[in-house]
Amino acid sequence: MEPLIITCAITGAETTRERQPHLPILPADQAQASKECMDAGCSIIHLHVREDDGKPSQRPERFKESIDAIRLKAPRAIIQISTGGAIGESIDNRARPLDLKPEMASLNLGTMNFGDEVFFNHPRDIIALASRMRDSGVMPELEVYEAGMLETAYRYAKQGILREPMHFQFVLGVPGGMSGEPENLFHMIHLLEKISRTAGTGMPHWGVAGVGRYQLPMAVQAILLGGHVRVGFEDNIFYSKGELAKSNAQLVERVVRLARELGRPVATPEQARQILSLRQG
Ligand code: KMH
Ligand code: ZN
C-alpha cells in the first residue's frame, strides 16, 4: 500500500483557546507545533492563521509571517493554506493568501450548513479559486463534506477546471455534512472508484478528516483502506473522551503508532510530494 500521508490541521478557524488551551495561535506557536508534528511523522500542515487576539484572519501578511516561521523550524513541511477561512469571510479575502503561491491550498466544493451557520461556496467562486490554483501550480486539496461535492469535482475535471490526479479530503462529521460513520466513508470510496473508472482516470488520492469523536475511527479506517489521514485541533481537540489532547503532535504520534501496528508505512514529506504530484521547486 502507498505510504500514509499524515496532515495536521493545527489551528483551524473555529477552535478557541478557551476550549483547547494548547491551540497554536501566534506564528511562533504555529512553527513550534508544526515542528513537533513533522518530527512525529506528519508531512502536510493545513494552515489557518489568526491575529494576535485569536481572531481568524486571511491576511496574506499574516500567512507569510506564519509560513516563514514554520519554514525556519520545519523546513520540510508541505504547507497547505486554507481558502475556506472562517465562516462568513468574504471570498475575496479567502483567495488572498493564494498570492503567496503555496504548494497546496484547500478548495471547498459546495455550500452547506456548518453547525448553526452556512458555509457559502458559490460555484462561480469555486471555479475562480480552482482556476487560479491550476494556473499558478498550487495543488488543491478538495474538501468534500458530502457525496454531491465529489461528483462536482469530476464535473470540473471534465471541464478542465481541475487537473488530474486529484486529491480529495473527506471531512466527515461536520453537523450539516455527512457524519463519520464507516458506511459514509465506504460510500465515498465506492463512488470515487466508480466515477474514476467511468471517467477512465486512475483512482485519485483520498484522505479523511474525522471531526470530533470521528477522528480516531476514521484514521484507523483510512490506514486500513489505503487512504490518508488528517488530524489536529481544527477538527478535534480531544485525545480521548473527556481528555483534551496536550498538543497537535500527540494526535499525529498516535496515528504513526497505529500505522506501524497495522503495517502501513508512513510517508516522508518528500514521498508525499511525489505521491501528490506537487510542483517541483
Ligand atoms: N473553517 C471552515 C468553515 C478549509 O480550510 O478549507 C472551513 C475550513 C475549510 O476550514
Ligand atoms: Zn481548514
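Let me sum up the structure you'll find in this document. Please read all numbers here as calculations on a predicted model, not as lab measurements.

The next thing to look at is the coordination of the zinc ion (ligand 2). Geometry sets the ideal angles at a metal, namely 109.5 degrees for four tetrahedral donors and 90 or 180 degrees for six octahedral donors. At 2.1 Å from the zinc ion (ligand 2) lie its protein donor atoms, namely His46 (NE2), His48 (NE2) and Glu234 (OE). As a motif over one chain, the donors of the zinc ion (ligand 2) read H-x1-H-x185-E. Taken as a pair, His48 in the loop between β2 (44-47) and β3 (49-50) and Glu234 in the loop between β12 (228-231) and β13 (238-240) lie far apart in primary sequence, 186 residues in all. Glu234 sits in the buried class, given a relative accessible area of 19%.

Turning our attention to a nonpolar patch on the surface. On the surface, a nonpolar cluster with roughly 360 Å² of combined accessible area is contributed by Phe186, Leu224, Leu225 and Leu262. Overall, the relative accessible area of 45% leaves Leu224 in the partly exposed class.

The next subject is the sheet that holds β12. Within a sheet, adjacent strands bond to each other through the backbone by hydrogen bonds, running parallel or antiparallel. Reading around the barrel, the 8 strands line up as β1-β2-β5-β6-β9-β10-β11-β12 and close back on themselves, with parallel pairing between neighbours. Each strand of the sheet is rotated relative to its neighbour by a mean of 25 degrees, with strand direction disregarded. Sheet analysis places strand β1 (residues 6-9) next to β2, joined by 3 bridges and oriented parallel. Opposite Cys8, over in β2, you have Ile45 as the bridge partner. In the packing of helix α6 (residues 182-199) onto the sheet, the strands contacted are β9 (139-144), β10 (167-172) and β11 (205-210), and the crossing angle to β10 comes to about 160 degrees.

In this section: the nonpolar core. Ranked by internal contacts, the top residues of the largest apolar core, which has 79 residues, are Leu150, Phe168 and Phe170. Sort the elements by how many residues they give to this core and helix α5 (residues 147-158) lands first, with 7 residues. Contact partners of Phe168, with chain neighbours within four places excluded, come to Leu142, Val144, Leu150, Ala153, Tyr154, Leu192, Pro204, His205, Trp206 and Gly207. Membership of the second largest hydrophobic core comes to 10 residues, among which are Ile44, Met104, Ala272 and Leu278.

Right, let's talk about the packing of helix α1 (residues 27-40) against helix α2 (residues 60-73) for a bit. Where α1 meets α2, the closest approach of the two axes is 8 Å, and the angle between their N-to-C directions is 40 degrees. Relative to α2, α1 is oriented oblique. Crossing of α1 against α2: the hand is right-handed. Contacts between α1 and α2 pair Pro27, Gln30, Ala31, Gln32, Ser34 and Lys35 from the former with Arg62, Glu65, Ser66, Ala69, Ile70 and Lys73 from the latter. For the contact of α1 with α2, the residue count by class is 4 nonpolar, 4 polar and 4 charged.

Conventions used here
Residues numbered from 1 in each chain as written. Chains lettered and ligands numbered in written order. Predicted model: local features only at pLDDT ≥ 70, side-chain atom pairs only at ≥ 80, totals over all residues. Heavy atoms only, no water. Donors = N, O, S within 2.8 Å, 3.2 Å for Na, K, Ca; no water. Helix = DSSP H or I, 4+ residues; strand = E, 2+ residues; numbered from the N terminus. Buried < 20%, exposed > 50% of the residue type's maximum accessible area, 1.4 Å probe, protein only. Patch = residues over 30% accessible without salt bridge, like charges linked within 9 Å, V, L, I, M, F, W, Y side chains within 5 Å. Areas by Shrake-Rupley, 256 points an atom, 1.4 Å probe, with all protein chains shown as cover. Salt bridge = Lys/Arg side-chain N within 4 Å of Asp/Glu carboxyl O. Pairing = 2+ DSSP bridges. Axes fitted to C-alpha atoms, helices over the stretch in contact; angles between N-to-C directions. Contact = heavy atoms within 4.5 Å. Core = buried A, V, L, I, M, F, W, Y, C linked by side-chain atoms within 4.5 Å. Parallel < 35°, antiparallel > 145°, perpendicular 65-115°, else oblique. Left-handed = near helix turned anticlockwise from the far one by under 90°. Nonpolar A, V, L, I, M, F, W, Y, C, P; charged D, E, K, R; others polar.

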